[in-house]
Amino acid sequence: MLRMLMRGAAGGALATVALTAVSLAGDQAGLMRDRPSGRVAPGPPPRRRTRPTESLTHFGFGVASGAAFCALSRGRAGLPLGIGYALAAWVASQRGWVPRIGILPPDTRDDSSRTAVLATGHVVYGMVLVATVNHLTRP
């Protein structure tokens, strides 16, 4: 069981790096900016700064989620299950604790471009998680 959790944690770590790369690419493309309603100031909207504790917490959550996925799937899973798992975690977060603590509004009220980037990032997370776990589980 410990080996399975470690494989999942490794997969979660790599998958979180991949998700972060998607988010950074979206940010560079101007898709992750805050767009407050009723804004009257000219020019581009201000960028939201991520605190180091938020980044570490997100990374830890991704690692723990990878370990949980590996334990639940017993170390072998197909892409649909990994993508579904990642999207379920994203929806639960975006409609649950994330807006409750004020990080972002729920995805149903957030900017559609940021929602698309975050959903895509989680699809990539699921794909990388499954690929890594399956690779590490090979006999």
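From a predicted model like this one, the values you see are computed outputs, not experimental measurements.

This part is about the side chain of Asp-110. Residue placement: Asp-110 occurs in the loop between α4 (97–100) and α5 (112–137). Taking relative accessible area as the criterion, Asp-110 reaches 12% and is therefore assigned buried. Among residues more than four places away in sequence, those in contact with Asp-110 are Leu-104, Pro-105 and Thr-115.

Further remarks concern the packing of aromatic side chains. Under the counting rule described, the total for this entry stands at two aromatic pairs. The interplanar angle of 55° and the centroid separation of 6.1 Å between the aromatic rings of Phe-61 and Trp-97 together place this pair among those described as tilted. Of this pair, Phe-61 sits in helix α2 (residues 52–73) while Trp-97 is found in helix α4, placing the two residues 36 residues apart along the sequence. Using a relative accessible area of 42% as the deciding quantity, one classes Phe-61 as partly exposed. Pairing Phe-69 with Tyr-85 gives two aromatic rings, centres 4.9 Å apart and planes at 50°, and the pair type is tilted. Taken together, the residues span a long stretch of sequence, with Phe-69 in helix α2 and Tyr-85 in helix α3 (residues 79–94) at a distance of 16 residues.

This next bit is on the nonpolar core. Counting 10 residues, the largest nonpolar core consists of Ala-15, Leu-19, Phe-69, Cys-70, Ala-77, Ala-86, Tyr-125, Leu-129, Val-130 and Val-133. Contributions of two or more residues to this core are made by α1 (2–28), α2 and α5. Looking at this core element by element, the count peaks at four residues for α5. Once residues within four sequence positions are removed from consideration, Val-133 is found in contact with Arg-7, Gly-8, Cys-70 and Gly-75. Residues Met-32, Trp-90, Leu-104 and Ala-119 belong to the second largest nonpolar core, which totals seven residues.

This part covers the confidence of the model for the protein chain. Caution applies to low-pLDDT regions: their predicted coordinates should not be interpreted in detail. Confidence in the prediction for the protein chain averages 85 pLDDT; 87% of positions are at 70 or higher. Between residues 35–46, whose pLDDT stays under 50, and residues either more than four places distant or in other chains, the model counts 11 contacts.

Per the stated rule, a full pass over the model turns up two salt bridges. Taking the shortest distance from any N to any O, the salt bridge between Asp-107 and Arg-95 comes out at 2.8 Å. Taken together, the residues Asp-107 in the loop between α4 and α5 and Arg-95 in the loop between α3 and α4 connect sequence positions 12 residues apart. The exposure class of Asp-107 is buried, given its relative accessible area of 10%. For the salt bridge of Arg-114 with Asp-110, the shortest nitrogen-to-oxygen distance reads 2.8 Å. We note that Arg-114, like Asp-110, is buried.

Here we come to the packing of α1 against α2. Contact pair α1 / α2: the axes reach a minimum separation of 6 Å and the direction vectors enclose 135°. With respect to each other, α1 and α2 are oriented oblique. The chirality of how α1 crosses α2 is right-handed. Mapping the contact onto sequence places Met-4, Leu-5, Arg-7, Gly-8, Ala-9, Gly-12, Ala-13, Thr-16, Val-17, Leu-19 and Thr-20 in α1 and His-58, Phe-59, Gly-62, Val-63, Gly-66, Ala-67, Cys-70 and Ala-71 in α2. Class assignment for the residues of the contact of α1 with α2 results in 11 nonpolar, seven polar and one charged.

Thresholds, definitions, all that
- Residues numbered from 1 in each chain as written.
- Predicted model: local features only at pLDDT ≥ 70, side-chain atom pairs only at ≥ 80, totals over all residues.
- Heavy atoms only, no water.
- Helix = DSSP H or I, 4+ residues; strand = E, 2+ residues; numbered from the N terminus.
- Buried < 20%, exposed > 50% of the residue type's maximum accessible area, 1.4 Å probe, protein only.
- Contact = heavy atoms within 4.5 Å.
- Phe/Tyr/Trp six-rings, centres within 6.5 Å; stacked < 30°, edge-to-face > 60°.
- Core = buried A, V, L, I, M, F, W, Y, C linked by side-chain atoms within 4.5 Å.
- pLDDT = per-residue confidence, 0-100.
- Salt bridge = Lys/Arg side-chain N within 4 Å of Asp/Glu carboxyl O.
- Axes fitted to C-alpha atoms, helices over the stretch in contact; angles between N-to-C directions.
- Parallel < 35°, antiparallel > 145°, perpendicular 65-115°, else oblique.
- Left-handed = near helix turned anticlockwise from the far one by under 90°.
- Nonpolar A, V, L, I, M, F, W, Y, C, P; charged D, E, K, R; others polar.

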